[in-house]
Amino acid sequence: MIPVRELTAATAAALCACAVEVCLRTLPLPRTARIFGVSLRTTGGSTVAPRQAVLGRRGRLQARAVQRVMRHWPFDDTCLRHALVAGHRLRRFGPELVIGVTKVDGAVRAHAWLEFDSGIYDPLGAAPAYHPLTSSPPEG
């Protein structure tokens, strides 16, 4: 039997995942990130060491609930969806959403993860293999 505290966290994560799904299909990513309380990093590289973020007991509970929900998510279980839901549930830690790219066998691959002052949140552990995307101002 799931304890009430975990059930409450999982329910909140599932509701958030539904809202993220709608926003990703209808809004631009920067606006979606803002809605869910996550800042989208568009400048510079990684600012923290590639170690697991220190979240505390309550934060770990929220992260486990997000992982449980996203593991059974019926739509695309992408790292972007996972990062946005986790970012919302962990927003009190001030997460930054980072989108990174790499080239694998000639194909460009993308990955999303969260960075906190204390480390990164990346359930796949793939962030070190990716280079964070940055935006540059238009020339002229």
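All values derive from a computational prediction rather than experimental measurement.

Undergrad: Explain the environment of Gln62 residue by residue, including any values.
TA: Assignment of secondary structure puts Gln62 in helix 3 (residues 56–71). Given the relative accessible area of 11%, Gln62 is considered buried. For the pair formed by Gln62 and Ala10, sequence separation is 52 residues and the distance between their alpha carbons is 7.8 Å. Each residue touching Gln62, except ones within four places of it in the same chain, is listed here: Ala9, Arg89 and Leu90.

Undergrad: Talk me through empty space enclosed by the protein; I want residue IDs and the actual numbers.
TA: For the structure shown, the criterion picks out one cavity of 30 Å³ or more. Looking at the largest cavity, its volume works out to about 40 Å³. Counting only elements with at least two residues in the lining of the largest cavity, the list comes to helix 1 (4–26) and helix 3. Tallied by class, the residues present in the lining of the largest cavity amount to four nonpolar, no polar and three charged.

Undergrad: Please set out the packing of aromatic side chains residue by residue, giving values where relevant.
TA: Here the structure, examined in full by the defined rule, presents two aromatic pairs. Ring geometry for Trp73 and Phe75: centres 5.7 Å apart, planes at 65°, overall edge-to-face. By relative accessible area, Phe75 is classed as partly exposed at 44%. Look at Phe93 and Phe116: their rings are 6.1 Å apart centre to centre, the planes differ by 90°, and that puts the pair in the edge-to-face class. Placement of Phe93 in the loop between helix 4 (79–89) and strand 2 (96–104) and of Phe116 in strand 3 (residues 107–116) is noted, with a sequence separation of 23 residues between them. The class of Phe116 is buried, set by a relative accessible area of 3%. Sitting over the face of the ring of Phe75, Arg25 holds its NZ or CZ atom 5.7 Å from the ring centroid.

Definitions and cut-offs
- Residues numbered from 1 in each chain as written.
- Predicted model: local features only at pLDDT ≥ 70, side-chain atom pairs only at ≥ 80, totals over all residues.
- Heavy atoms only, no water.
- Helix = DSSP H or I, 4+ residues; strand = E, 2+ residues; numbered from the N terminus.
- Buried < 20%, exposed > 50% of the residue type's maximum accessible area, 1.4 Å probe, protein only.
- Contact = heavy atoms within 4.5 Å.
- 1 Å grid on protein atoms, 1.4 Å probe; cavity = no way out; pocket = protein on both sides within 12 Å on 5 of 7 lines; lining within 4 Å.
- Points joined across faces, edges and corners; volume = space filled by probe spheres on them.
- Nonpolar A, V, L, I, M, F, W, Y, C, P; charged D, E, K, R; others polar.
- Phe/Tyr/Trp six-rings, centres within 6.5 Å; stacked < 30°, edge-to-face > 60°.
- Lys NZ or Arg CZ within 6 Å of the ring centre and 35° of its normal.

In short, shape yes, function no, at least from these values alone.
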